Amino acid sequence: MARRALIHRVESKERRGRAVGSLAVLLSIAVLGSTWVGLFGFLGGSAANGTFQDLQNEWIPATGEMNLTLPDLSSVSRMYAGTGELFAELHDGRNSDPVEYDEVPQVVVDAILAAEDDDFFEHDGWDPAATASAMRDTFGGTVRGGSTITQQVVKNAFVGNEITLKRKVTELFVSLELEREFSKEDILEYYINSVYFGAGAYGVKAAAEEFYGKDLEDITLDEAATLAVLIRNPGEYDPRRFPERVRNRRDNPVLRDMQEKGWISAAERKAASQEPLGAIENEAAPDVSNHVVAAARSQLLSSPEFAFLGDSLAERKRTIFGCPANDTKCSGGGGLRIETTVDLDLQNEAIDILGEWFPLFDYNERIEACTESLGEDESAQFIAEYVEHQTCQVTGAMTMVDNETGAIKVMASAIPFEFNQFDLALQARRNPGSAFKPFGLVAALQAGITLGERYDGSSPQEFQCESVCSEDGNQWTVRNAGSSYGNITLEQATYNSVNTVYAQVSLEVGASNIANAARQMGIRSPLNEVPSLVLGTSAVTTLEMASAFSNFATNGAWAEPYLISKVIDRDGTILYEKQPQPEQTIDAVIAAAARRPLLVVPVSGTGPRANIDRPQGGKTGTHQNFTDAWYVGFTPRYSTAVWVGNSNAQEPMTGVTINGEIYSRVYGGDVAAPLWAEFMTYALQGVPEGDFPDEPENIDEYVRPPLTTVPDVVGLDSDSAVAELEDAGLNASISESPSREPAGIVTAQEYAGGAQVEEGTTVTITVSNGEVPSGTMPDVVGLTQDDALGVLGDFQNNAGIRIEVFGRQVEVDDPDQVGVVIAQSPSSGSAVDDGDRVVLDIGVSSEDGGDDGDDNGGGPPDDRGPPVRDD
């Protein structure tokens, strides 16, 4: 018969022998009463003056109108990891796991009958002698054993345990009715599954697991006899507290009666009595999963997503945990299979790594370490604060999610559940520092700013805000954590984590838009929409950060994080199954563009200690005064956020020892990044590297620098020229050369004033060094006049000098020398200064006759060379 509906309502009908049974009961009462002050005195005046029918109506229940439906037995709900391991059993003090009667080993049935009712299969539900004895004790105000199993079922399920004669009579009659309606096996099945064995275990299967860590089918004779002993009084016969007491009763009467009944042989009895009790210690659920269990319980009880479990908290509790141990009127509930997304192996590894990095200190050791450099008064103050807040305990937490589905794979804290039930991974909100900058980057890209946009990266900088934006009111002073930079791109400012640039971005884009970008990407904590938001001044959880960063790995296809994947009832019906539905939270091209600088962070940016030589990106974060340190990283498969800080208060992490290293100041790149790398190296073993999604074709719009106009800086001093070029978003490269201009004056520039070039282009300017320009005379003999002029023109430009060139016609007989330079002065290799004269002898035919007058070799030269004059 099914465990959940053993006994149905008894229909109203006449039963043969009912009157005889009723009469027998009343006669028993009369006999019992006559031994005391008299039956009528015992029953009271109204009963004494009534008829036999009155007596029967008052004392004998009308079972035709009684609902004899036994409570639907609660079952333990079980919670499983995403990798299939059972890691928690959920119940409300009633650890119960009902089984069919046919599933109970015969040795267990025999042991229970020997201990509680060895004539169960022979009697009609009551033992007259034992019942009479119990009634006499009841009249004396005591509780006595001796009830049959059927009577125990009736007492527990219907009439309660009030110490009155009337309750005992009612129990007896209902027992008779129960035996008429149902088989012995049905009644025994309910009893075996509902009776309490101690330690929260209801039913023999739960007891076998609790006390022996075994499946019911594996219970041996001596173990079955031990379990049977516990039923009589679980507190008095606790095998863990009173092993000798339990062993004595196991051997005699349980094993003795089993032999006398012929259920076991003398040899089996002897062998079983020589066995130790062997009850295992009570093993709590492993701490690695307790925070997971707490988070899952909270969601099941409160989330609207699980409304199918009940309309009220009480209904949900009964559905999940079954009935409380002390509520005999409650029925049903429990028996759920709750499947989570957690990878138990990775969860264990995360907790092990966190435990190695942040071991829990002994109280005295911690006090000594934290007060070593303090004076007496300061030490006393610290100890008082420590007792209250447990400060000076640097710890950590991490959360990992699956990028495609949002499934939470790890949610680990360095502090064990028994020390702190507060979940640092899912519940603790801490300031992310610069790890929040990527949301500012996304907002900037959404506003049309490109990665190539250039900003002043110098430090410190002061900004005037339209409203209060800092402790100084409308004035906001921002400093970089490291270097002071020059004119750099937004991309460079991201992987170098330049605060002053992101302060400018925040003021330009607006804090509200940065907050909106963060919310789009999965941040659910309250955000204070002030300019400093971009630097991580609003607190968030590691789950939020890991989930939000998954956008960079998926080109903005975000899946809501979830912990519970499936809920199945005890009949195998799927009540709930999570169907991840990724949505495009931000444009794919913006997510891909923002990913670019984040890929540089673990390679040559602020997080090289996170580098695991796989496709990866991430961002470091360090909150003001070193109170919180972060690294949030992503791979094509997973995103993981690591937080390091003090557990109960935001205390500066200065002069602390972590994982064997002493840190004067704790930065995200120094501690959180290598911790992330250690865990992810383990987590990704055997996982193909994969790659990130392809970048959209129009990504250049978000990457290339904007165009700017080159200013004309010739004639300016070098400092002014560089300033004008930088104001235009250009870089300046200075080349010095001799010139007639004063030292420091720009004499030439690479791009002409007014030209359109991309921001960030380097413009070379030539600046006078104040020296008279000079050069080495080139060799032009043998060249035509035009070629010679060209060489001299290049010579002037390269040397930065101006020369005067004169031509003289010289008659030649060789026709090949006509129009050719046959001599030069000064000669090649000679030094030539600015303003010097150069004379070229040009050959002319002797037949034509020379002209020493005004022939200048063709007149003034074109722009290919210097002017040529007659000598």
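Residues numbered from 1 in each chain as written. Predicted model: local features only at pLDDT ≥ 70, side-chain atom pairs only at ≥ 80, totals over all residues. Heavy atoms only, no water.

In this section: empty space enclosed by the protein. In the structure shown here, the tally under the stated rule is two cavities of 30 Å³ or more. Contributing to the lining of the second largest cavity are Val401, Asp402, Asn403, Gly406, Ser547, Ser550, Trp558, Ala559 and Pro561. Mapped onto the lining of the second largest cavity, the elements with two or more residues apiece are β7 (394-402) and α23 (542-553). Per-class residue counts for the lining of the second largest cavity are four nonpolar, four polar and one charged. (1 Å grid on protein atoms, 1.4 Å probe; cavity = no way out; pocket = protein on both sides within 12 Å on 5 of 7 lines; lining within 4 Å. Points joined across faces, edges and corners; volume = space filled by probe spheres on them. Helix = DSSP H or I, 4+ residues; strand = E, 2+ residues; numbered from the N terminus. Nonpolar A, V, L, I, M, F, W, Y, C, P; charged D, E, K, R; others polar.)

Within the secondary structure, Ser547 is located in helix α23. With near-sequence residues (within four places) excluded, Ser547 lies in contact with Val401, Met521, Trp558, Ala559 and Pro561. (Contact = heavy atoms within 4.5 Å.)

Attention now goes to the sheet that holds β7. The strand order across the open sheet formed by five strands is β8-β7-β19-β18-β17, and the pairing between neighbours is antiparallel. Strands at the two margins of the open sheet, each flanked by one partner only, are β8 (408-413) and β17 (617-622). Strand-to-strand twist across the sheet, computed as the mean angle between neighbouring axes with direction ignored, equals 10°. With nine bridges joining them, β7 and strand β19 (residues 638-646) adopt antiparallel strand pairing. Of the residues in β19, the one forming a bridge with Ala397 is Trp643. In this fold helix α24 (residues 588-604) packs onto β17 and β18 (628-634), with an angle of close to 70° to the strand it touches most, β17. (Pairing = 2+ DSSP bridges. Axes fitted to C-alpha atoms, helices over the stretch in contact; angles between N-to-C directions.)

Evaluated as defined, the whole model comprises 21 salt bridges. For the salt bridge of Glu89 with Arg78, the shortest nitrogen-to-oxygen distance reads 3.2 Å. Residue Glu89 is located in strand β2 (residues 86-90), and its partner Arg78 is located in strand β1 (residues 77-80); the two are separated by 11 residues in the primary sequence. Assessed through its relative accessible area of 18%, Arg78 is described here as buried. Where Lys578 meets Glu305, a salt bridge forms, and the shortest distance between an N and an O atom there is 3.5 Å. Taken together, the residues Lys578 in the loop between β15 (574-577) and β16 (583-584) and Glu305 in the loop between α14 (287-302) and α15 (313-321) connect sequence positions 273 residues apart. (Salt bridge = Lys/Arg side-chain N within 4 Å of Asp/Glu carboxyl O. Buried < 20%, exposed > 50% of the residue type's maximum accessible area, 1.4 Å probe, protein only.)

The next point concerns the nonpolar core. In this structure, Phe439, Leu490 and Met545 are the most contacted members of the largest nonpolar core, which totals 91 residues. Apart from the residues lying within four places of it in its own chain, the contact partners of Met545 are Pro432, Ala435, Phe436, Phe439, Ile523, Val540, Trp630, Val632 and Ala641. Judged by nonpolar contacts, the second largest core, of 51 residues, contains Val99, Ala114, Leu178 and Leu230. (Core = buried A, V, L, I, M, F, W, Y, C linked by side-chain atoms within 4.5 Å.)

Our focus in this paragraph is helix α19 (residues 437-446). The buried fraction of α19 is high, at nine of 10 residues. Taken residue by residue, α19 has Lys437, Pro438, Phe439, Gly440, Leu441, Val442, Ala443, Ala444 and Leu445 as its buried positions. Looking one or two residues past α19, Gly448 carries a phi angle of roughly 95°, positive in sign.

Counting buried positions over the nine residues of β19 gives nine, a clear majority of the element. Judged from the seven bridges that link them, β18 and β19 form a sheet pairing that is antiparallel. Directly across from Trp630, in β19, lies its bridge partner Trp643. From the end of β18 to the start of β19, which pair antiparallel, there are three residues.

With that settled, consider the packing of helix α10 (residues 204-212) against helix α11 (residues 221-232). At a minimum axis separation of 11 Å, α10 and α11 run at an interaxial angle of 110°. Comparing their axes, α11 and α10 come out roughly perpendicular. In the packing of α10 onto α11, the handedness of the crossing is right-handed. Two secondary-structure elements touch here, α10 through Val204, Ala207, Ala208, Phe211 and Tyr212 and α11 through Glu223, Thr226, Leu227 and Leu230. (Parallel < 35°, antiparallel > 145°, perpendicular 65-115°, else oblique. Left-handed = near helix turned anticlockwise from the far one by under 90°.)

With that settled, the discussion passes to the packing of α19 against helix α21 (residues 499-509). In contact at an axis separation of 10 Å, α19 and α21 are set at 45° when each is read in the N-to-C sense. Judged by the angle between their axes, α19 and α21 are oblique. The hand of the α19/α21 crossing is left-handed. Contacts between α19 and α21 involve Lys437, Gly440, Leu441, Ala443 and Ala444 on the former and, on the latter, Asn499, Tyr502, Val505 and Val509.

Moving on to the pairing of β7. Of all nine residues making up β7, nine are buried, and the element is well covered by its neighbours. Across the two faces of β7 the burial is the same, with Val394, Gly396, Met398, Met400 and Asp402 and Thr395, Ala397, Thr399 and Val401 all buried. By the bridge criterion, five bridges tie β7 to β8 in an arrangement that is antiparallel. Among the inter-strand pairings, Ala397 is bridged to a residue of β8, identified as Ser413. Between β7 and β8, which pair antiparallel and follow one another directly, the connecting turn spans five residues, one of which, Gly406, has a positive phi of 85°.

For residues that are not glycine, phi is negative in most cases, and the peptide bond is trans in most cases. The residue after Ser459, namely Pro460, is reached through a cis peptide bond having omega 0°. Positive phi, close to 60°, is recorded for Asn555, a residue that is not glycine. Note on placement: Asn555 falls in the loop between α23 and β13 (557-558). A positive phi angle, close to 60°, is found at Phe626, a residue other than glycine. With respect to the helices and strands, Phe626 occurs in the loop between β17 and β18. By relative accessible area, which is 16% here, Phe626 ends up buried.

Turning our attention to the confidence of the model for the protein. Do not read the predicted coordinates in detail wherever pLDDT is low. For the protein, the average pLDDT comes to 84, and 81% of its residues sit at 70 or higher. Throughout residues 1-23 the model reports pLDDT below 50, and contacts reaching past four residues in sequence, or to other chains, amount to 58 contacts. The low-confidence segment residues 387-391, where pLDDT is below 50, has 11 contacts with residues more than four positions distant or belonging to other chains. (pLDDT = per-residue confidence, 0-100.)

Counted as a void, the second largest pocket has a volume near 1200 Å³. Lining the second largest pocket are 37 residues; nearest its centre among them are Arg479, Asn499, Leu535, Thr622 and Gln624. Secondary structure elements with two or more residues in the lining of the second largest pocket: β11 (475-478), β17 and α25 (668-683). Of the residues assigned to the lining of the second largest pocket, the class counts are nine nonpolar, 21 polar and seven charged.

What follows concerns the side chain of Ser550. By secondary structure assignment, the location of Ser550 is in helix α23. Those residues within four positions of Ser550 in sequence are excluded, and the remaining contacts are Asn403, Trp558 and Ser639.

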